[in-house]
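Descriptive analysis of the structure
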Amino acid sequence: MNTSLFRINFFGDFVAPNVENLILQDTVKEYLHSADFNVINFEAPIQSKANPIYKSGPNIFQDAKAPAWLENNKFNLISIANNHLFDYGEEGFKQTIQSFTSAKLIGAGTWEEAYKPCILTINSKKIAIISLTHCEFGTLTDIYDKRFSKGCAWINHPYVDKLITETRKGVDFLILLSHAGMEEIEQPLPEWRDRYRAFIDLGCDAVIASHPHIPQGWEYYKEKLICYSLGNFYFPINDKNIPSWWFKSLSISIEFNEDGQIHSQIHSLIFKNSEISFDNSSETQHYLQRVNKILIDSNSYINYINEQCLKHLPDYYNLFSASGFIPSSLKSLIRESIGLILKRRAYNQTHLLNNLRCESHRWVISRGIKLLNNIQ
C-alpha cells in the first residue's frame, strides 16, 4: 500500500484590492489546512508610495494587508514571477516582499534569486518548484544588462532548460509554475503546449500555468499533468465585458507518495461577493468538459486557435498604431499628432515593444497574419 507523504495545493492568480471583507468558505479553509503547502500567484505589488513604471497595459496594485491575509490562511509558498509584480518598480517590489513574514517567495528578485528553485524537504523527500513568466515588463531577460538589478525569471531564457535538468538530478519531484499565455481565451496557444511538453521531457513531474485569467483545459503527457491555466483565485473587477469564467478558477491538489508517484485532483472554485467557495455547478462542469474535449481533438483545437488569432489581430493592429505606425482612427491620429508636438510619441512605443518581445502576443500576431494572407 502506498502511503501519502505530503500534499501541496496549487491556486491561480490573486489580486485583492481590499481584503477587509474577503472570506473563505469553511470547506475551502479545511482544504487549505489539510495541505502541507499552499501555492498561489501573487499577481501585483502592494499599494505603496512607489511610482508606477512606464509600460504597456495597466499598472495595478493590491491591498497592503494582502500578504498577511494569505499567510493567515496558510498560503505559505508564493509565486511572484508574473507580468505585474514590478508595476511599481524595484521599490514597489521591495515593499511587497518585505510584507511577507513567513511564506516562501519564488520567481523574482536578483538574477540568482529569481532563477533559484524552491527546494522543500518533507518526510525525507525533496521537491523542487520553479516559477517562471513570459516576457513582459519587469522580466529578467539579459544578464549582461545591469540597469535593472531585479525582476522575474523568464520562461524562455536559454538557461531554463539547463536549470530544469540540473535541478532534477538532486530532487525526488519537480514542479514547474508558468505565468504565460493569451488572456481570456479557453485554449492554450500551440507554442505553449509544445513548450510545456518539452518541460516534461526535461524532467518536470507537472507543469501548472496561470495568466490567461480564465480556466483552460488540462492533459496528461507521458502520464504527467499539464494544466494550462488555473484562472483567477481572486481578482475582482467591474467590467461588463469580462467573461463569467473570470470569476472562476481551478485548484490542483497533488499528493506525493513514498513510491515516487504523484497523484493529482482538480477542484473548481468561484469568488462572488468577496467570498471564495468550491464550485460544483453543472455550468462549470460542462464548461470544463467542453474545453478538455476541444483540447484533445486536433481539428477542433486548431480551428478554435485560428479563430481566436484572427479575431484578436485587429486589437494588436490598434496597439501598433498607438506606437508610431499608421494611425488606425481619427482618435489615434490626434493622439499621435499631440505626441509629436510635445516632442514625444504617445506611449513611447511601449505597446510595440510588448508585442515584439512577449511570446504570447507575437505568436498570436504571427499566426493571424499568416492566416489572413494565406502564408505558410
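Figured I'd write up the structure that's included with this text. (Residues numbered from 1 in each chain as written. Predicted model: local features only at pLDDT ≥ 70, side-chain atom pairs only at ≥ 80, totals over all residues. Heavy atoms only, no water.)

With that out of the way, let us pick up the overall build of the protein chain. Looking only at helices and strands, the protein chain has 11 helices and 18 strands in total. Relative to a compact globule of 376 residues, whose C-alpha radius of gyration would be 21 Å, the protein chain shows 21 Å and is just as compact. Its C-alpha atoms put the protein chain at 70 × 50 × 45 Å along the principal axes. Here the protein chain holds 376 residues, and 54% of them are scored as buried. In the protein chain, 72% of the contacts between residues at least 6 apart in sequence involve partners at least 24 apart. Total accessible area on the protein chain is roughly 17500 Å²; 51% of this is exposed by carbon and sulfur atoms. Here the protein chain holds 37 positive side-chain charges and 40 negative ones, and the gap between their average locations is 5 Å. (Helix = DSSP H or I, 4+ residues; strand = E, 2+ residues; numbered from the N terminus. Rg over C-alpha atoms; globule rule 2.2 N^0.38 Å. Buried < 20%, exposed > 50% of the residue type's maximum accessible area, 1.4 Å probe, protein only. Contact = heavy atoms within 4.5 Å. Areas by Shrake-Rupley, 256 points an atom, 1.4 Å probe, with all protein chains shown as cover. Lys, Arg positive; Asp, Glu negative; His and termini not counted. Charge placed at Lys NZ, Arg CZ, Asp CG, Glu CD.)

Now for the packing of helix α10 (residues 350-357) against helix α11 (residues 359-373). Following both chains from N to C, one finds α10 and α11 inclined at 80°, their axes separated by 5 Å at the closest point. By the angle between their axes, α10 is roughly perpendicular relative to α11. Two secondary-structure elements touch here, α10 through Asn354, Asn355, Leu356 and Arg357 and α11 through Glu359, His361, Arg362 and Ile365. Partitioning the contact of α10 with α11 into residue classes produces 2 nonpolar, 3 polar and 3 charged. (Axes fitted to C-alpha atoms, helices over the stretch in contact; angles between N-to-C directions. Parallel < 35°, antiparallel > 145°, perpendicular 65-115°, else oblique. Nonpolar A, V, L, I, M, F, W, Y, C, P; charged D, E, K, R; others polar.)

So, about a nonpolar patch on the surface. Together, Leu310, Tyr317, Ile369, Leu371, Leu372 and Ile375 give the surface a local cluster of nonpolar side chains, amounting to about 510 Å² of exposed area. Taken together, the elements giving at least two residues each to the nonpolar patch come down to α8 (298-321) and α11. Overall, tyrosine 317 belongs to the partly exposed group, its relative accessible area being 39%. (Patch = residues over 30% accessible without salt bridge, like charges linked within 9 Å, V, L, I, M, F, W, Y side chains within 5 Å. Salt bridge = Lys/Arg side-chain N within 4 Å of Asp/Glu carboxyl O.)

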